[in-house]
Each structure stands twice: as C-alpha cells, then as structure tokens.
Amino acid sequence: MMRDANVPIIWVLGGPGCGKGTQCAKIVAKYNFSHFSTGDLLRDEVASGSDKGKELQDMMRQGILVPNETVLKLLEAAMVKALNGTVGYLIDGYPREPAQGPEFEKFIAPVDIILYFECSNETLVARIMKRAAESSTVRADDNEETLKTRIATFRENTEKILVQYPTQLRRINAERAPEEIFADVEKSIDELLAAKKK
C-alpha cells in the first residue's frame, strides 16, 4: 500500500542534542510533512490502553527492547492513516540499528533520502548538558558519562546504517545556527520533491 503511494519518505538521524526536533518542526511547518517518531508511537499506543499497549508497557517495564516488527506495524498504521492529507513522511530516529533499514524498506517502502545531522561529540554533550541544566534541578555532571556511552553507541550503529545508503544520504553540518541548517534541509527536500514529480 505505502509502496504504491509515491509519497516521499525521509529518515531523520542525528545524535542526542543535534537539533533533529527543531528541524523536523520547521519541515512540518513549511512542507506539511507528517512527522513520526517511533518512541512517540510506542508511548501513544501504551497511553491508548489497548491490549497491544499493555503488552508494550510490560516489555518497557522489564527493559526489553520492543521487537522491530511491532515498531514497523505501528509506523505503517500511522503512515497509512496520514496518507491522504500528507505531502511526505519524516521518520525521526529510525532506523536505530543496521538491520532495521532494510526491514523498513521491505515492510513499508523504500526511503528517498536520509537527513543526517552531523555534530561533534563535544557539541552534543554541551547541548544536552545545557538542556538538562535549564529543565531541572538535576546536577548536570551526574549524567555526562551515560551520555558519552549513548553517543558512542549511536555513532557505532549510525555509521553502519549510513554506509548502506550512499545515494540517499545527505550529511548536514548541525554545528551552525538553526536557520543555516534549515537552508541545507530545504535544498535537499526541494530537490526530492522536484524529482518525485517527474
């Protein structure tokens, strides 16, 4: 179903603190894309109180990773639901592991482009620390080690993912001001939309 829709699909990847959320909001505002984060979809399903939601809640409580097939089914259902009113899809923070990309393409549809927001580890840590300091009373240094581990895991997985998609990959320097970053994002999306119309 999604395969025949010819609606652009963009994966949005980047480390914690790279500014993905800000850029996704700008894309949605300008292009009227539908924005899906797999984490939000899982939380929404849990909040719905459905049987599936209860099952997911149990898994999360036990710290078990939710099976990729479950994530893809939720994602596909959300995409199909939005199909008639959308210009394209932003899939945020997915795939997280190298095997998930091919599964998405097999199960849902091929990805058109991947926007990868590149940031140095130092910048990511600094931004998250700033965010933590502004949002709560937790001491900012409590968390730096965990954060570095998260970033290292993210990098290792992401490089393995990106190497699978050399032609779709758009690397964007995310060390700059949001407006400058968005100018590059616009260029990539405008090119994609023009190509899709042909």
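The structure this text deals with has already been given above.
Reading the values: the criteria
Residues numbered from 1 in each chain as written. Predicted model: local features only at pLDDT ≥ 70, side-chain atom pairs only at ≥ 80, totals over all residues. Heavy atoms only, no water. Buried < 20%, exposed > 50% of the residue type's maximum accessible area, 1.4 Å probe, protein only. Helix = DSSP H or I, 4+ residues; strand = E, 2+ residues; numbered from the N terminus. Pairing = 2+ DSSP bridges. Axes fitted to C-alpha atoms, helices over the stretch in contact; angles between N-to-C directions. Parallel < 35°, antiparallel > 145°, perpendicular 65-115°, else oblique. Left-handed = near helix turned anticlockwise from the far one by under 90°. Contact = heavy atoms within 4.5 Å. Expected span 1.5 Å × (residues − 1).

Caption draft 1: Up close: the pairing of strand β3 (residues 89-92). Burial along β3 is two-sided: Y89 and I91 facing one way and L90 and D92 facing the other are all buried. Where strand β1 (residues 9-14) meets β3, 4 bridges bridge the pair, whose relative direction is parallel. Counterpart to W11 in the pairing with β3 is I91. Direction of pairing for strand β2 (residues 34-37) relative to β3: parallel, over a ladder of 4 bridges. Counted as the bridge partner of S34 is Y89 from β3.

Caption draft 2: Geometry of the packing of helix α1 (residues 20-31) against helix α8 (residues 178-197). In the contact formed by α1 and α8, the axes pass within 10 Å of each other and the chain directions differ by 50 degrees. The orientation of α1 relative to α8 falls into the category oblique. For the element pair α1 and α8, the recorded crossing hand is right-handed. Along its contact with α1, which presents T22, Q23, K26, I27, K30 and Y31, the element α8 presents P178, E179, I181, F182, V185, E186, I189, D190 and L193.

Caption draft 3: Inspection of helix α4 (residues 68-82) at higher detail. For α4, spanning 15 residues, the distance from its first C-alpha to its last is 21 Å, which sits close to the expected 21 Å at 1.5 Å a residue. The set of residues buried in α4 consists of N68, T70, V71, L72, L74, L75, A78, M79 and A82. Contacts made by the buried residues of α4 are with β1, β2, α2 (38-48), α3 (51-61), β3 and α5 (100-107).

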